[in-house]
Amino acid sequence: MIELAPLLLFLSVCLLLMAGYPVALTLGGASFLFAIVGASVGAFDMSFIELLPNRVFGTVENTTLIAVPLFVFMGVLLEKSKIAEELLESMSRLFGGIRGGIAISVVIVGALLAASTGIVGATVVTMGLMSLPAMTKQGYSHSFSTGTICATGTLGQIIPPSIALVLLGDIMSSAYQEAQMSMGIFSPKPVSVGDLFVGALVPGAILVGMYLIYILIAARWQPKPPANTTAIHWPSLLSALVPPLVLIGLVLGSIIMGAATPTEAAGVGALGALILGLVRRRLDWQIITQALRQSTQVTAMVFLILVGAAMFSLVFRGFGGEEQIHALFEWLPGGQVAAILMVMVIIFVLGFILDFIEITFVVVPLFAPALLAMGVDPVWLGVMIAVNLQTSFLTPPFGFALFYLRGVAPATVATKSIYKGVMPYIAIQILLMALLALFPELVTELPASLRD
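Just so it is clear, the model here is predicted, and its values are computed rather than measured.

Draft legend 1. Quick peek at the overall build of the chain. Counting its secondary structure elements, the chain contains 21 helices and zero strands. Over its C-alpha atoms the chain spans a radius of gyration of 22 Å, differing by no more than 12% from the 22 Å that the globule rule assigns to 452 residues. Taking the principal axes of its C-alpha atoms as reference, the chain extends roughly 80 × 45 × 40 Å. Counting all 452 residues of the chain, 53% fall into the buried class. The contacts of the chain with a sequence gap of at least 6 include a subset with a gap of at least 24, amounting to 81%. Approximately 19200 Å² of the chain is accessible, and the part contributed by carbon and sulfur atoms is 69%.

Pasting the structure below:
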């Protein structure tokens with residue numbers, strides 16, 4: 001019965017999260033309860049719990065995680081600066097005469113927003129409010145319109161700078177060091193958030209291209225747009241397009257060129273977004289205060305979840321869960337390929353019921369060290385998990401992108417239409433994972449070339 005304790009702990013946490021209990025308190029509370037029960041029957045060593053203060057101190061001391069509030073602050077400021085509205089209006093004029101032109105505009109603007117904010121909810125809500133009425137007015141089906149908006153919003157998960165990549169990068173770094181230590185390598189090679197950022201650039205671009213190809217094909221069955229009689233005002237288009245591109249270049253360019261760490265680049269991005277908003281006279285003290293408050297709330301949530309996840313990890317390890325996972329991977333026929341496939345399927349299935357943060361902090365730390373010890377490339381694994389987690393925003397019934405759009409969509413848009421609309425995009429994301437599995441150099445080649 002004691003051998004089942006790690007599995008029971010994992011299932012208990014998942015069930016409590018599905019019931020709606022707070023993530024951090026569920027992770028910490030359920031783990032501590034299991035520890036007390038285990039210690040009372042002599043099956044758990046409470047010295048594992050004594051390691052928690054060191055884990056918490058290490059989390060607080062981790063400078064990489066400072067990028068989280070800075071990127072959130074940057075994203076909120078850009079949202080309040082109405083940059084998305086100007087971009088979408090200009091792009092709609094540019095592609096207005098093409099069948100599916102509005103959907104193409106949504107994807108392009110969404111990709112630019114993803115590369116400058118990395119916040120899924122803000123992108124989905126903004127696009128839903130601005131583009132859904134226009135697409136409906138032109139006769140586009142509800143499923144085509146809502147599916148495109150939801151899928152575009154999730155690009156913030158895979159296109160840097162992404163909060164998901166920051167959190168995954170930190171976890172993968174720790175897991176890689178742990179895996180190398182277990183193999184007797186006591187001078188482990190570092191894996192940084194910047195490596196994941198660079199590794200995600202090509203897959204992100206491929207995903208945007210696949211979205212656009214699907215839209216061009218699917219738009220053949222959508223109504224032809226009215227003739228575009230509005231002339232393109234190039235100065236307005238450039239004034240809307242150039243500032244975010246410059247900001248993206250400063251943030252990502254400094255990371256790729258090695259001139260700045262992700263945390264330093266996040267600081268540059270936050271300052272740039274603040275200056276951009278002030279120059280355009282779209283920000284006042286009240287809006288800046290709201291942005292600071294929202295950034296603080298997100299940061300507090302993330303760090304509290306990290307504390308709960310640390311407790312979960314210690315208790316899971318104290319019950320021998322880590323050794324059981326290693327034994328399971330060694331037992332699986334098919335070796336490394338079977339182990340990776342099993343983990344990806346588990347993450348995909350959990351995406352139907354759990355949020356990406358919950359999966360990142362609960363599942364990834366359990367399986368990543370064992371996979372990395374088998375020789376899996378950490379950057380490739382991190383990007384694969386990021387793409388997989390991206391589907392959790394789209395998969396019914398609890399996909400957060402679906403909830404965000406449902407909240408701003410009119411009552412005439414049926415929920416089943418939203419579910420139907422995202423299905424092709426889920427298939428596209430699965431196809432991308434298959435491509436990355438067949439051609440891992442799409443992820444690994446660019447980071448390796450920049451290191452050399």
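Draft legend 2. Local environment of helix 13 (residues 285–318). If you check helix 13, its first and last C-alpha atoms are 49 Å apart, about what 34 residues at 1.5 Å a residue would give, namely 50 Å. Capping the start of helix 13 is the job of one residue whose side-chain oxygen sits 3.2 Å from the backbone nitrogen of glutamine 286: aspartate 284. Positive phi appears at glycine 320, one or two residues downstream of helix 13, with a value of about 85 degrees.

Draft legend 3. Representation of empty space enclosed by the protein in the model. Within this structure, the stated rule accounts for two cavities of 30 Å³ or more. Counted as a void, the second largest cavity has a volume near 40 Å³. If you trace the second largest cavity, you find it lined by Val343, Ile347, Val363, Val364, Phe367, Ala368, Leu371, Leu381 and Ile385. Residue assignment for the lining of the second largest cavity shows that the elements contributing at least two residues are helix 15 (335–350), helix 17 (364–373) and helix 18 (378–391). The element best represented in the lining of the second largest cavity is helix 17, accounting for four residues. Per-class residue counts for the lining of the second largest cavity are nine nonpolar, no polar and no charged.

Draft legend 4. Main features of the packing of helix 8 (residues 142–153) against helix 19 (residues 400–408). For the pair helix 8 and helix 19, the least separation of the axes is 9 Å and the interaxial angle reads 125 degrees. Here helix 8 is positioned oblique relative to helix 19, judged by the angle of their axes. In this structure, the crossing between helix 8 and helix 19 has a hand that is right-handed. Of the residues in helix 19, those touching helix 8 at Thr146, Ile149 and Cys150 are Ala401, Leu402 and Leu405. When grouped by side-chain class, the residues that make up the contact of helix 8 with helix 19 number five nonpolar, one polar and no charged.

Draft legend 5. Up close: a nonpolar patch on the surface. Taken together, Leu238, Val242, Val246, Leu250 and Val268 make up a surface patch of nonpolar side chains, about 400 Å² in accessible area. Mapped onto the secondary structure, valine 268 falls in helix 12 (residues 262–279).

Draft legend 6. Representation of the confidence of the model for the chain within the structure. Summarising the model, the chain shows a mean pLDDT of 84, and 96% of its residues fall at 70 or more. For the chain, the element scoring lowest by mean pLDDT is helix 5 (residues 83–95), at 76; helix 20 (residues 415–438) scores highest, at 93.

Draft legend 7. Main features of the packing of helix 4 (residues 67–80) against helix 12. Across the interface, helix 4 lies against helix 12 with an axial gap of 8 Å and an inter-helix angle of 20 degrees. As far as their axial angle goes, helix 12 and helix 4 are roughly parallel. Like other packed secondary-structure pairs, helix 4 and helix 12 cross with a definite hand, here left-handed. For the pair helix 4 and helix 12, contact is made by Ala67, Leu70, Phe71, Phe73, Met74, Leu77 and Leu78 and by Pro262, Thr263, Ala266, Gly267, Gly269, Ala270, Ala273, Leu274 and Leu276, respectively. Residues that form the contact of helix 4 with helix 12 fall into these classes: 13 nonpolar, three polar and no charged.

Draft legend 8. Representation of unusual backbone geometry. With omega at 0 degrees, the peptide bond leading from proline 160 into proline 161 counts as cis. Its place among the elements puts proline 161 in the loop between helix 8 and helix 9 (163–182).

Draft legend 9. Quick peek at the environment of cysteine 14. By the element assignment, cysteine 14 lies in helix 1 (residues 5–18). Taking the C-alpha atoms as reference, cysteine 14 lies 8.7 Å from leucine 350; in sequence the two are 336 residues apart. Beyond its immediate sequence surroundings of up to four residues, cysteine 14 is in contact with Leu350 and Leu354.

Draft legend 10. Summary view of the side chain of serine 105. Following the sequence through the fold, serine 105 ends up in helix 6 (residues 101–116). Classification of serine 105 by relative accessible area gives buried; the value is 0%. Beyond its immediate stretch of four places on either side in the chain, serine 105 contacts Leu88, Met91, Ser92 and Phe95.

Draft legend 11. Local environment of the packing of aromatic side chains. Per the counting criterion, the structure on display carries seven aromatic pairs. Between the aromatic rings of phenylalanine 71 and phenylalanine 197, the centroid separation amounts to 6.3 Å while the plane-to-plane angle is 50 degrees, which identifies the pairing as tilted. Residue phenylalanine 71 is located in helix 4, and its partner phenylalanine 197 is located in helix 10 (residues 193–218); the two are separated by 126 residues in the primary sequence. Residues phenylalanine 71 and phenylalanine 197 agree in their burial class; the two are buried.

Draft legend 12. Spatial organisation of the environment of alanine 411. Assignment of secondary structure puts alanine 411 in the loop between helix 19 and helix 20. Under the relative-accessibility criterion, alanine 411 is labelled exposed at 79%. Along the backbone, alanine 411 and glutamate 86 are 325 residues apart, and their C-alpha atoms lie at a distance of 27 Å.

Draft legend 13. Structural detail: the side chain of threonine 360. In this fold, threonine 360 is placed in helix 16 (residues 356–362). If sequence neighbours within four positions are ignored, threonine 360 has contacts with Leu167, Leu168, Ile171, Pro365 and Leu389.

Parameters at a glance
- Residues numbered from 1 in each chain as written.
- Predicted model: local features only at pLDDT ≥ 70, side-chain atom pairs only at ≥ 80, totals over all residues.
- Heavy atoms only, no water.
- Helix = DSSP H or I, 4+ residues; strand = E, 2+ residues; numbered from the N terminus.
- Rg over C-alpha atoms; globule rule 2.2 N^0.38 Å.
- Buried < 20%, exposed > 50% of the residue type's maximum accessible area, 1.4 Å probe, protein only.
- Contact = heavy atoms within 4.5 Å.
- Areas by Shrake-Rupley, 256 points an atom, 1.4 Å probe, with all protein chains shown as cover.
- Expected span 1.5 Å × (residues − 1).
- Polar contact = N/O pair within 3.5 Å; in protein donor to acceptor, adjacent residues only side chain to side chain.
- 1 Å grid on protein atoms, 1.4 Å probe; cavity = no way out; pocket = protein on both sides within 12 Å on 5 of 7 lines; lining within 4 Å.
- Points joined across faces, edges and corners; volume = space filled by probe spheres on them.
- Nonpolar A, V, L, I, M, F, W, Y, C, P; charged D, E, K, R; others polar.
- Axes fitted to C-alpha atoms, helices over the stretch in contact; angles between N-to-C directions.
- Parallel < 35°, antiparallel > 145°, perpendicular 65-115°, else oblique.
- Left-handed = near helix turned anticlockwise from the far one by under 90°.
- Patch = residues over 30% accessible without salt bridge, like charges linked within 9 Å, V, L, I, M, F, W, Y side chains within 5 Å.
- Salt bridge = Lys/Arg side-chain N within 4 Å of Asp/Glu carboxyl O.
- pLDDT = per-residue confidence, 0-100.
- Phe/Tyr/Trp six-rings, centres within 6.5 Å; stacked < 30°, edge-to-face > 60°.

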